[in-house]
Amino acid sequence: VVSKGRAAGAPGLSYAIKWQDDAGDVFKFDIATGGTVKTATSTTAFAVGSDWVHIGATYDGAHARIYINGKEEGSTAVTGSINYGLTDDAFIIGKLGLGGSERNFNGLVDDVAIWGVALSADEISDLWMGNTKSSGTIRPDMVKRADLKAWWKLDEGTGNTSTDAINSLVAT
């Protein structure tokens, strides 16, 4: 669904949220720290195209967690700094990886956001509830937070790049 850090010459990903059709149709959150990749896996199976799904993922320095429709569905213990920062390498929406190892996401993606802190379970749930109640966009009170680092609304309509509404970072 989204990936970061698989640019040419990079030793691996920084983080990724992916749908894995060959592993039970579940969503996974991969995070790399110190050369090790850990994965939090959702428990609910989804067929792509069956319904809109809100996916949240957090890393607080001790655990990586994945949330589906506002509820935590998987976690894994992991420590250390994320391998790459937000402005390093490519941020990719709708595909995992670059340079011949791509896996395209066969679905629609809307409103991708990155915060500089791990949101709480209640905040993830609030985002999901806000998305379902306010015409599918991030709630205004969440947009005003200083720790919102990037938000790709994906409202361009055409093309294969998107510029985030916070810091003008470009995603492909």
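On a predicted model such as this, the values are computed, not experimentally measured, just so you know. (Residues numbered from 1 in each chain as written. Predicted model: local features only at pLDDT ≥ 70, side-chain atom pairs only at ≥ 80, totals over all residues. Heavy atoms only, no water.)

Draft legend 1. Spotlight on the sheet that holds strand β2 (residues 15–20). The antiparallel open sheet is built from five strands, whose spatial order is β4-β3-β2-β1-β8. A strand with exactly one partner marks an edge of an open sheet, and here the two such strands are β4 (36–41) and β8 (91–93). If you compare each strand with its neighbour and ignore which way they point, the axes differ by 25° on average. Here strand β3 (residues 26–33) pairs with β4 via six bridges, running antiparallel. Within the sheet, the bridge partner assigned to D30 lies in β4 and is T39. (Pairing = 2+ DSSP bridges. Helix = DSSP H or I, 4+ residues; strand = E, 2+ residues; numbered from the N terminus. Axes fitted to C-alpha atoms, helices over the stretch in contact; angles between N-to-C directions.)

Draft legend 2. Molecular detail of the pattern of salt bridges. Tallying each qualifying case throughout the model produces three salt bridges. A salt bridge links K18 to D30; its shortest N-O distance comes to 2.7 Å. Note that K18 is positioned in strand β2 and D30 in strand β3, a separation of 12 residues in sequence. Pair check on accessibility: K18 and D30 agree, each one buried. (Salt bridge = Lys/Arg side-chain N within 4 Å of Asp/Glu carboxyl O. Buried < 20%, exposed > 50% of the residue type's maximum accessible area, 1.4 Å probe, protein only.)

Draft legend 3. Quick peek at the pairing of strand β12 (residues 148–152). Most of β12 is tucked away, with four of its five residues classed as buried. For strand β11 (residues 112–115) and β12, the ladder comprises four bridges, and the chain directions are antiparallel. Within β12, the residue paired with V112 across the bridge is W152.

Draft legend 4. A look at the sheet that holds strand β6 (residues 63–68). The strand order across the open sheet built from three strands is β5-β6-β7, with neighbouring strands paired in antiparallel fashion. The open sheet has two edge strands, β5 (55–59) and β7 (71–77), and neither has a second partner. Between one strand axis and the next, the sheet turns through 15° on average, direction left out of account. Sheet topology places β6 next to β7; six bridges connect them, and they run antiparallel. Within β7, the residue paired with Y67 across the bridge is E72.

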